[in-house]
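Analysis of the macromolecular model
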Amino acid sequence: MHVMIFGCGYSGTAIAKAFARNGVRISGTTRSADKVEALRQNGVEAFLFDGETLDDQLRRALESVTHLVQSIAPGKGDPLLRLLGEGGASLPPRLEWIGYLSTVGVYGDHKGAWINEDTPCVPVSGRSKERLEAEEGWLAMGRERGVPAAVLRLAGIYGPGRNAFCNLDKGTARRLIKKDQVFNRIRVEDIGAVARFLSDGGLGGIYNVTDDRPGPPQDVIVEAARLMGVAPPPEQAFETAELSPMARSFYGENKRVSNAKLKAAGFEFSFPNYPMSLAQLWQDGRWRG
């Protein structure tokens, strides 16, 4: 087995760890020469990839790839679909499974209602519209090549080194209050586990990768502060808070995302809700990363 992860960042590294075992070759790409060594320390054979050209070294590596994971965000289309050519002419010849990392942002705003994979997508932001187009491109590529292609629609990602404890520690945590607003979350290790589960089962299609407990974002801050034994930051009204346009756009979408399809397929989450997940991060001291 040879797993290639395009855009091997925070989630991609968790996927690499989930696939790691004897006899498995794991490769990953990064834009940054600085990150090459960090990937190698995580057991990943690292390649530089700027999203524009596949160099000869990368093309040679692709010849033996059996499992392809695409984690690079689209920008004027999916960079990898563009490079692989019409009908996937340059797709790895030994390919057995494709995984595409997307976002629950493709659903748009559903005013707090529960949604699932069959809910129509009404993406609000340009980013989410591009994601939806890329999803369709990868699903079509899988159909053309007769290879299962799985779209992983990810909720808000957190885990070691990226969580409410870190934000409280740095003094950047904010307790924004917007009436009835909820978000879903997903622990990064569960993203890796889902990718491994779907590939082991040869499963394609669309899957929501999210925990069981959508909730108000301020509640996560309060719970983390309680575990740390510190006072949570003061409440701030969302309407008057100073926020970047991107941060404000996240609050324009309100939905409760179901993970029932993944569970029905037999997947078990290690971190099904944020209170137990935060407690585990705090107790084992890995919250710093």
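Residues numbered from 1 in each chain as written. Predicted model: local features only at pLDDT ≥ 70, side-chain atom pairs only at ≥ 80, totals over all residues. Heavy atoms only, no water.

Our focus in this paragraph is the sheet that holds strand β7 (residues 149–154). What the seven strands build is an open sheet, ordered β3-β2-β1-β4-β5-β7-β11; its pairing is parallel. What marks the edges here is a single partner per strand, and that holds for β3 (45–48) and β11 (205–209). Each adjacent strand pair in this sheet contributes to an overall mean axis angle of 20°, direction not counted. Sheet topology places strand β5 (residues 97–103) next to β7; six bridges connect them, and they run parallel. Note on β7: the bridge partner recorded for Leu101 is Leu152. (Pairing = 2+ DSSP bridges. Helix = DSSP H or I, 4+ residues; strand = E, 2+ residues; numbered from the N terminus. Axes fitted to C-alpha atoms, helices over the stretch in contact; angles between N-to-C directions.)

Taken as a whole and assessed by the stated rule, the structure comprises eight aromatic pairs. For the pair Phe6 and Phe49, a centre-to-centre distance of 5.4 Å together with 80° between the ring planes defines the contact as edge-to-face. Note that Phe6 is positioned in strand β1 (residues 2–6) and Phe49 in the loop between β3 and α3 (56–62), a separation of 43 residues in sequence. With respect to class, Phe6 is no different from Phe49; both count as buried. Connected via pairs of aromatic rings, a cluster forms that spans Phe165, Trp282 and Trp287. Geometry around Phe250 places Arg127 over its ring, the cationic atom sitting 5.4 Å from the centre. It is Arg213 that lies over the ring of Tyr274; its NZ or CZ is 5.3 Å from the centre. (Phe/Tyr/Trp six-rings, centres within 6.5 Å; stacked < 30°, edge-to-face > 60°. Buried < 20%, exposed > 50% of the residue type's maximum accessible area, 1.4 Å probe, protein only. Lys NZ or Arg CZ within 6 Å of the ring centre and 35° of its normal.)

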